[in-house]
Amino acid sequence: MRLVILTGAGISADSGVDTFRDEGGVWSQVRLEDVATPEAFLHTPDRVHAFYNRRRAQLPNVAPNAAHLALAALERRLREDRHEFVLITQNVDNLHQRAGSDSVFPMHGQLDRALCVHCGGVVALTEDLSTKTACPQCQRQGGMRPNIVWFGEIPHFLDDIAAAIEGADHFVAIGTSGTVYPAAGLVEGARQAGAVTTLINRDPAENDTMFDHIIAGRAAEAVPAWADRLVDSLTERKA
Ligand SMILES: [Zn+2]
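As the structure is a computational prediction, the values presented were derived from the model and not from experiment. (Residues numbered from 1 in each chain as written. Predicted model: local features only at pLDDT ≥ 70, side-chain atom pairs only at ≥ 80, totals over all residues. Heavy atoms only, no water.)

**What to know about the domain arrangement of the protein chain**
Along its sequence, the protein chain is carved into domain 1 (1-16 + 64-108 + 155-239) and domain 2 (18-61 + 111-148). Its C-alpha centre places domain 1 at a distance of 27 Å from the equivalent point of domain 2. Counting from both sides, the interface comprises twelve residues of domain 1 and, opposite them, nine residues of domain 2. With both chains or domains summed, domain 1 and domain 2 bury close to 850 Å², and 54% of this area falls on carbon and sulfur atoms. For the domain 1 face of the interface with domain 2, the top three residues by lost area are Val92, Asn94 and His156, together amounting to 42%. (Domains from an automatic or database assignment. Contact = heavy atoms within 4.5 Å. Buried area = accessible area lost by both parts, 1.4 Å probe.)

Have a look at this one:
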């Protein structure tokens, strides 16, 4: 059995991470063209760095919640029984990794990594980025950018994600509003692959007619309960 999970802002919102698209979210306070496009980085890199430095600095102040922990535990449990588990996230925080999830595809990038536009190197970040930051690999200055997929750029890991979806038996989207493509289209691919599809979300999503099952609720409550039921059903099937 292969379970493929897609998570979005809703799972991190329960940890207190600012969401982007909700009312009062980040994009209602900052114009995304000013900070989240390659053009913004070209013309006003200091503003882009300040925005992501501030968001990166929040990371130590938030912790994985019960949903992140339940997914990490589910991954270990399924692996023990030789099932496959793939976690795709649209979130750029590091909460899945800190919860102990092993194989994560952060398709929209990672706040705690920098990308060098000169050599393509991706390095872990512990301090603020600036236009003076030198690349630890090629030593050049001025080309270090947040390893974030900006608007108009191609998401990361698309080949791995397509391969995972192709063989999915279950596809579960958690805390995602179904508005950002290509993530929002993954459910369609999963359906074509014959997967059973489930949405766990606080509010109705744009694409919720695509799902076989809908569980309404906050991720921190609904995900642990769903994971328990899944493990129970697998245990029953084995008995
Ligand atoms: Zn470099």
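**So, the sheet that holds strand β4 (residues 109-116)**
The strand order across the open sheet formed by three strands is β5-β4-β6, and the pairing between neighbours is antiparallel. In this open sheet, the two edge strands, each paired with only one partner strand, are β5 (122-124) and β6 (144-148). Averaged over neighbouring strand pairs, the angle between their axes works out to 45 degrees when direction is ignored. With three bridges connecting them, β4 and β5 associate as antiparallel partners. The residue bridging Ala114 from the neighbouring strand is Val123, located in β5. Relative to β6, helix α5 (residues 45-58) is tilted by about 55 degrees, and along the sheet it contacts β4 and β6. (Pairing = 2+ DSSP bridges. Helix = DSSP H or I, 4+ residues; strand = E, 2+ residues; numbered from the N terminus. Axes fitted to C-alpha atoms, helices over the stretch in contact; angles between N-to-C directions.)

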